[in-house]
Amino acid sequence: MRLATGDLPSSLAAAADTAWDEILKMAGRTERALSKRLQAGVEQTPIGEQLARVLATSPFVAELLRRHPTLLLEALDSGLLQRSLKPGEQHNELQASLAAEGADLHRVLRQHRQRHMLRILWRDFCRLADTLETVRDTSALADSSIQLALDEVQRELEQRHGVPLGRDSGAPQQLIVIALGKLGAAELNVSSDIDLMFAFPESGDTRGGATPLSNEEFFTRVGRRLIESLDKTTADGFVFRVDMRLRPYGDSGALVHSNASLEAYYQDQGRDWERYALIKARPVTGNPAQSAALMATLRPFVYRRYVDYSVIESLRSMKEMIAAEVRRKGLEDNIKLGPGGIREVEFIAQCFQLIRGGRDHGLQQPQLLPALAECARLGCLPHHAVDELRSAYLFLRDSEHALQGYLDRQTQTLPKDDLGRLSLAVTLGFADWGLYSAALSVQRERVAEHFRALIARRDDEAIAQPAATLPWGDDLAPELLAGRGFRDALSTFEALQNLKHSRRVLSLAAEGRDRLERFMPRVMQACVEMQICGEGSADLALTRLLPLVSAVVRRSAYLVLLLENPNALQDLVRLSAASPWIAEQMSRHPVLLDELLDHVSLFSAPDRGALRDELRQRTARLEQNDLEAQMDALRYFKAAHVLRVAVSEVSGRLPLMAVSDKLTLIAEVILEQVLAVAWADLASKYGEPARAGDGLGFAVFAYGKMGGIELGYGSDLDLVFLHDAEHRGVTDGERSIDNSVFFTRLGQRMVQIMEARTVMGLLYEVDLRLRPSGESGMLVVSVQGFETYQLEAAWTWEHQALVRARFVAGDPEVAAQVDRIRRRVLCLPRDEAALRTDVAGMRTKMREHLLPQAGLSAGEFDLKQGGGGIVDIEFMVQYAVLAWSHREPELARWSDNVRILEALGREGLFEQQECDALTSAYLAFRSAAHQLSLQQQPAVVSADDFVDSRAAVCAKWNALFGR
């Protein structure tokens with residue numbers, strides 16, 4: 001019987017026919033009827049054509065079926081060749097085989113591998129499975145082989161030596177097998193080594209056996225037996241070749257390590273290439289909790305908390321070593337290690353994972369394609385680049401499988417012989433080698449282009465080489481600085497010398513010193529170029545940047561970030577020259593340097609929707625109950641967006657009103673998330689309060705600057721927490737508590753989240769003194785209690801504060817109730833004479849108390865507290881709302897001064913000219929205060945400034961309250 005070789009080239013068709021004849025002959029020798037059954041099984045289309053294709057393109061499969069023709073019959077009868085496997089199907093099959101009476105571990109494992117390699121290669125070579133199914137099934141084969149072999153080996157050794165127990169916990173121990181490389185990512189090749197590392201949870205001894213051992217010795221024996229069960233070649237072949245060289249100290253190190261010793265090794269001695277290796281680390285055995293605890297201890301070594309551009313240097317070094325090896329061994333035709341090969345795609349993804357994975361948790365995943373997709377989502381790579389890399393990677397992996405499945409050898413080198421080349425081409429769907437080779441070249445060149453763009457050295461880029469003119473060393477002198485344009489060369493030289501001879505710099509290791517020596521000439525040159533362009537003082541910019549350099553010099557990856565990104569360095573210099581506040585923020589939080597990498601987002605301030613989306617994405621992958629991670633994410637989010645607002649302001653892209661709007665929006669979005677985190681934390685402990693509707697029954701109101709939509713860069717938040725669940729019972733959890741207690745703890749937890757000091761400081765300072773009864777009152781107030789207090793006990797100044805009260809987070813239904821109370825209180829008829837006395841008296845007390853603290857000298861004006869300043873305008877507006885809202889309820893609608901002034905003019909309560917003058921003065925004062933804040937100066941100006949504006953404010957004050 002001839003096979004249906006279809007459109008196979010003649011040489012491959014002949015190879016298939018020859019192999020089929022050999023299989024039938026062997027089948028006839030084994031069992032006379034077997035040959036006929038096989039012929040009957042392959043007569044049907046498309047089985048015959050598929051068999052011909054597999055026999056033609058895989059001599060390995062041809063030889064496997066020649067030796068074991070029953071494998072083919074079993075595969076045909078089972079139907080497995082024509083369908084995908086269900087999760088766990090391979091594992092269950094192997095488990096059942098090992099459970100059979102008299103089962104031999106080595107033989108069962110190898111025969112299981114034969115069956116499934118036939119199925120995997122058949123489906124891959126016949127294009128019944130895509131690349132991802134092939135690597136998934138091969139990885140599942142390895143996982144089940146490791147897991148069940150370990151169970152058998154450890155069970156046997158426990159019978160002799162006893163059960164290993166933890167010295168401290170007393171709990172039974174199991175070997176934790178950590179898969180690295182492609183198995184760790186569940187992306188295993190069809191004929192690949194498996195890279196493994198062995199760990200055990202804790203030291204101790206075995207108990208209950210004839211010959212007790214220490215846990216280390218016991219698990220060493222387990223590990224050796226496990227390797228033998230997988231790696232040893234018998235008459236049935238092998239299961240997987242095992243490579244243990246990626247473990248600590250490589251071949252010279254211990255075979256197994258305790259969790260504690262692994263953690264200590266990577267903290268003290270871990271090298272850059274080991275960070276790359278551990279990206280794909282995945283425990284495939286062991287107690288899930290113990291395995292998860294081990295991986296959690298290793299994660300900080302792999303993913304640094306800061307943006308780590310130093311990995312590009314290590315990637316260059318590794319790539320150069322690989323390139324040298326490729327040249328030395330002539331591996332240019334290696335589709336893994338050669339130019340544009342698989343390794344370069346992996347390096348691209350891993351580079352961004354190590355640079356940003358500590359902060360962007362979506363990058364903390366072992367699989368390559370999802371990591372690339374996350375790079376596109378985060379903007380690390382353009383979408384078209386990721387599409388090209390994905391396409392190239394799948395093409396290269398398919399090629400790799402065709403190469404390895406040809407003879408079941410771990411190879412990535414293109415064949416030299418004609419038959420091997422033709423087989424590879426046909427497997428990939430090409431008619432001949434020339435067409436395949438051309439397509440391969442296109443894919444490899446695309447990969448190489450993207451890789452070069454990522455790791456290209458910056459030394460030859462457009463930034464001028466400063467080393468020749470501005471040395472950072474013994475040759476640096478004031479005269480050189482003066483010659484390059486530094487106007488205060490002596491002071492600048494002294495500042496540079498102070499840095500150079502500081503303890504931080506003198507104690508640097510060689511790598512850090514080298515980076516500093518490359519960075520300092522660059523930053524000095526950038527300051528000079530900025531000054532030449534008329535954008536600021538070189539001396540001022542440099543002296544403001546030196547604290548940042550000192551702060552990061554021991555975490556010199558930040559210096560690498562700026563060396564790798566000249567545009568970011570230029571932006572940093574310009575912004576530092578423009579604002580010492582920005583320079584200080586960078587020094588306090590160097591992680592913000594990452595924001596300089598995206599020029600477009602740096603100079604823009606998102607709207608509410610974009611802010612919410614970004615914060616949701618930052619926190620979506622965090623555990624809801626991981627308060628520390630949530631707080632870190634919130635603090636970075638705030639710092640990054642406030643920085644963007646400041647940058648937009650100093651660059652003239654945002655007017656004052658928009659600046660305050662953006663700063664207030666940031667705070668509102670953060671408050672929403674703080675509430676969500678605090679709620680989830682408490683609900684997990686106590687359950688949720690009973691609710692009348694879909695709302696939370698809890699609302700946050702802002703007063704003061706946030707309530708007036710007027711937040712500044714350093715503003716605290718004046719908040720009041722309210723709830724409407726006073727008489728609704730208890731929470732629905734096992735540890736139920738009264739609803740009012742739940743809401744009180746909710747407010748406390750929100751304050752804790754915002755005021756806890758972390759590496760990035762606190763989120764916001766929170767002032768709760770404006771709640772009913774102030775510091776002596778309840779932290780969280782019921783709506784009914786709020787209403788009673790405002791109507792019966794509140795002072796005039798508390799009603800003034802209520803003018804600026806505004807709902808900012810929580811339950812809109814509760815907010816509506818509180819807002820109705822607010823309007824009712826503000827619209828109460830009042831004795832205007834008494835009100836004038838109260839408001840003017842409070843203003844006098846405030847001025848007498850606060851102005852002396854400002855330490856003003858003669859001829860200075862305090863923008864906020866000075867006569868005719870910001871607070872005078874605020875008090876007049878508040879007086880107007882309290883005096884006249886009963887006649888004009890529209891006045892009680894708004895919480896911000898500008899819109900209330902507009903309403904006063906519209907209703908004829910102030911002359912329109914007066915409203916315009918007060919609004920103009922108010923905006924001018926606040927704008928000046930903002931600018932002074934960015935210059936880190938107090939809100940004090942010369943008394944000769946704003947003379948007309950102050951006069952207009954004082955005139956209106958005198959008209960309302962008298963002198």
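Residues numbered from 1 in each chain as written. Predicted model: local features only at pLDDT ≥ 70, side-chain atom pairs only at ≥ 80, totals over all residues. Heavy atoms only, no water.

Of regular secondary structure, the protein chain possesses 41 helices and 14 strands. Counting only C-alpha atoms and orienting by the principal axes, one finds that the protein chain spans roughly 120 × 80 × 60 Å. Sequence-distant contacts in the protein chain: of pairs separated by 6 or more residues, those separated by 24 or more amount to 74%. In the form shown here, the protein chain has an accessible surface area of approximately 40,100 Å², with 49% of it arising from carbon and sulfur atoms. Mean positive and mean negative side-chain charge positions of the protein chain (112 and 131 charges, respectively) differ by 3 Å. (Helix = DSSP H or I, 4+ residues; strand = E, 2+ residues; numbered from the N terminus. Contact = heavy atoms within 4.5 Å. Areas by Shrake-Rupley, 256 points an atom, 1.4 Å probe, with all protein chains shown as cover. Lys, Arg positive; Asp, Glu negative; His and termini not counted. Charge placed at Lys NZ, Arg CZ, Asp CG, Glu CD.)

Examined against the element boundaries, Arg 110 turns out to sit in helix α7 (residues 105-125). Buried charged residue Arg 110 carries no salt bridge. Nearest counter-charge: Asp 236, at 6.6 Å. Polar side-chain contacts of Arg 110 include one of 2.9 Å to the backbone oxygen of Ser 229. (Buried < 20%, exposed > 50% of the residue type's maximum accessible area, 1.4 Å probe, protein only. Salt bridge = Lys/Arg side-chain N within 4 Å of Asp/Glu carboxyl O. Polar contact = N/O pair within 3.5 Å; in protein donor to acceptor, adjacent residues only side chain to side chain.)

Another point: the state of the cysteines. In the structure shown here, the tally under the stated rule is zero disulfides. Summary of cysteine pairing: Cys 351 is not part of a disulfide, and the nearest cysteine sulfur, belonging to Cys 375, is at 8.9 Å. Left unpaired, Cys 375 is separated from the closest cysteine sulfur, that of Cys 380, by 4.8 Å. Overall, Cys 375 belongs to the buried group, its relative accessible area being 0%. (Disulfide = S-S within 2.5 Å.)

Looking now at helix α25 (residues 557-564). Most of α25 is tucked away: eight of the eight residues are buried. Residues of α25 that are buried in the fold lie against α14 (310-329), α23 (510-532), α24 (538-552) and α26 (566-578).

Before going further, it helps to spend a moment on the layout of surface pockets. Approximately 1,300 Å³ is the volume found for the second largest pocket. Leu 246, Trp 273, Ile 322, Lys 336 and Arg 343 are, among the 36 residues lining the second largest pocket, the residues nearest its centre. If you list the elements that add at least two residues to the lining of the second largest pocket, you get α9 (181-184), β3 (194-200), α12 (272-279), α14 and α15 (342-356). With seven residues, the single largest contributor to the lining of the second largest pocket is α14. Counted by class, the lining of the second largest pocket contains 15 nonpolar, nine polar and 12 charged residues. (1 Å grid on protein atoms, 1.4 Å probe; cavity = no way out; pocket = protein on both sides within 12 Å on 5 of 7 lines; lining within 4 Å. Points joined across faces, edges and corners; volume = space filled by probe spheres on them. Nonpolar A, V, L, I, M, F, W, Y, C, P; charged D, E, K, R; others polar.)

As a further point, take the nonpolar core. Counting 180 residues, the largest nonpolar core has Met 520, Leu 719 and Met 750 as the members making the most contacts within it. Element by element, the count of residues in this core is highest for helix α31 (residues 656-686), at 17 residues. Among residues more than four places away in sequence, those in contact with Met 750 are Leu 671, Val 674, Leu 675, Ala 678, Phe 698, Val 700 and Phe 721. Membership of the second largest hydrophobic core comes to 76 residues, among which are Trp 122, Leu 150, Leu 188 and Val 190. (Core = buried A, V, L, I, M, F, W, Y, C linked by side-chain atoms within 4.5 Å.)

Taken together, Arg 503, Arg 504, Arg 554 and Arg 555 make up a surface patch of like positive charges. Note that Arg 503 resides in helix α22 (residues 503-506). Owing to a relative accessible area of 73%, Arg 503 belongs among the exposed residues under this scheme. (Patch = residues over 30% accessible without salt bridge, like charges linked within 9 Å, V, L, I, M, F, W, Y side chains within 5 Å.)

Bringing the pairing of strand β9 (residues 717-723) into the picture now. Within β9, seven of the seven residues are buried, which leaves the element mostly enclosed by the surrounding structure. Alternating residues of β9 divide into Leu 717, Leu 719, Phe 721 and His 723 and Asp 718, Val 720 and Leu 722, and every residue in both groups is buried. Bridging between strand β8 (residues 698-703) and β9 involves six bridges; their strand directions are antiparallel. Along β9, the bridge assignment pairs Phe 701 with Val 720. Relative to strand β10 (residues 766-767), β9 runs parallel, the two being bridged by two bridges. (Pairing = 2+ DSSP bridges.)

Moving on to helix α35 (residues 796-803). Within α35, six of the eight residues are buried, which leaves it mostly tucked inside the rest of the structure. Restricting attention to buried positions, one finds in α35 the residues Glu 798, His 799, Gln 800, Ala 801, Leu 802 and Val 803. The inward-facing, buried residues of α35 contact β8, α34 (783-792), α36 (812-826), α37 (832-850), α38 (870-884) and α39 (897-906).

In the structure shown here, the tally under the stated rule is 24 aromatic pairs. With centroids separated by 5.3 Å and ring planes inclined at 80 degrees, the aromatic side chains of Phe 218 and Phe 219 adopt a geometry described as edge-to-face. Ring geometry for Phe 347 and Phe 451: centres 6.3 Å apart, planes at 25 degrees, overall stacked. Placement of the pair is Phe 347 in helix α15 and Phe 451 in helix α19 (residues 433-455), with a sequence separation of 104 residues. Accessibility assignment for this pair places Phe 347 and Phe 451 in one class, buried. Between the NZ or CZ atom of Arg 950 and the centre of the ring of Phe 861, over which it lies, the distance is 4.0 Å. (Phe/Tyr/Trp six-rings, centres within 6.5 Å; stacked < 30°, edge-to-face > 60°. Lys NZ or Arg CZ within 6 Å of the ring centre and 35° of its normal.)

Our focus in this paragraph is empty space enclosed by the protein. With the rule as written, the count across this model stands at two cavities of 30 Å³ or more. Of the voids in this model, the second largest cavity is the one considered here, and its volume is about 40 Å³. Contributing to the lining of the second largest cavity are Tyr 703, Leu 770, Arg 771, Pro 772, Tyr 789, Gln 790, Trp 797, Glu 798 and Ala 801. Those elements that place two or more of their residues in the lining of the second largest cavity are α34 and α35. Considering every element that reaches the lining of the second largest cavity, the biggest residue donor is α35, with three residues. Across the lining of the second largest cavity, the residue classes tally to six nonpolar, one polar and two charged.

Before going further, it helps to examine the pattern of salt bridges. Once their charged atoms are close, side chains differing in charge can pair, the charge on each being opposite to the other. Summed over all chains, the structure comprises 51 salt bridges. The partner of Arg 282 in a salt bridge is Asp 143, and the shortest N-O contact between them spans 3.1 Å. Taken together, the positions of Arg 282 in strand β7 (residues 282-283) and Asp 143 in helix α8 (residues 131-161) put the pair 139 residues apart, joining distant regions of the chain. Overall, the relative accessible area of 13% leaves Asp 143 in the buried class. A salt bridge links Lys 685 to Asp 681; the shortest N-O distance between them is 3.1 Å. Note that Lys 685 and Asp 681 are positioned in helix α31 at a spacing of four residues, about one turn of the helix. According to the relative accessible area criterion, Lys 685 is partly exposed, its value standing at 33%. Classification of Asp 681 as buried rests on a relative accessible area of 6%. Here the salt bridges do not stand alone but share partners, grouping Arg 356, Arg 359, Asp 360, Asp 594, Glu 595, Glu 614, Arg 618 and Arg 644 into one network.

This part covers unusual backbone geometry. Of note, the phi angle at Ala 186 is positive, near 55 degrees, even though the residue is not glycine. Take Ala 186: it is sitting in the loop between α9 and β3.

On to the confidence of the model for the protein chain. Summing up the model confidence of the protein chain, the mean pLDDT is 91 and the portion of residues at 70 or higher is 97%. Strand β2 (residues 176-179) holds the highest mean pLDDT among the elements of the protein chain, 98, whereas α14 holds the lowest, 76. Taken together, the stretch residues 458-468 has pLDDT below 50 and engages in 18 contacts with residues farther than four places along the chain or on a different chain. (pLDDT = per-residue confidence, 0-100.)

Moving on, we get to the side chain of Glu 874. Position of Glu 874 relative to the elements: it lies in helix α38. Engagement of the side chain of Glu 874 in a polar contact is seen with the side chain of Tyr 922, the distance being 3.4 Å. Once you skip the residues sitting within four places of it in the chain, Glu 874 turns out to touch Glu 710, Arg 804, Asn 897 and Tyr 922.

For the rest of this paragraph, the subject is the packing of α12 against α15. Two elements in contact, α12 and α15, have axes whose closest approach is 10 Å; the angle formed by their N-to-C orientations is 100 degrees. Here α12 lies roughly perpendicular to α15, going by the angle between them. The residues of α15 that touch α12, namely those facing Arg 275, Tyr 276 and Ile 279, are Phe 347, Gln 350, Cys 351, Gln 353 and Leu 354. (Axes fitted to C-alpha atoms, helices over the stretch in contact; angles between N-to-C directions. Parallel < 35°, antiparallel > 145°, perpendicular 65-115°, else oblique.)

Right, let's talk about the environment of Thr 427 for a bit. Along the polypeptide, Thr 427 turns up in helix α18 (residues 418-427). Overall, Thr 427 belongs to the buried group, its relative accessible area being 2%. Thr 427 sits 29 residues away from Asp 398 along the chain, and the two C-alpha atoms are 8.7 Å apart. Dropping the residues within four chain positions of it, Thr 427 is found in contact with Arg 53, Thr 57, Phe 125, Arg 127 and Ala 402.

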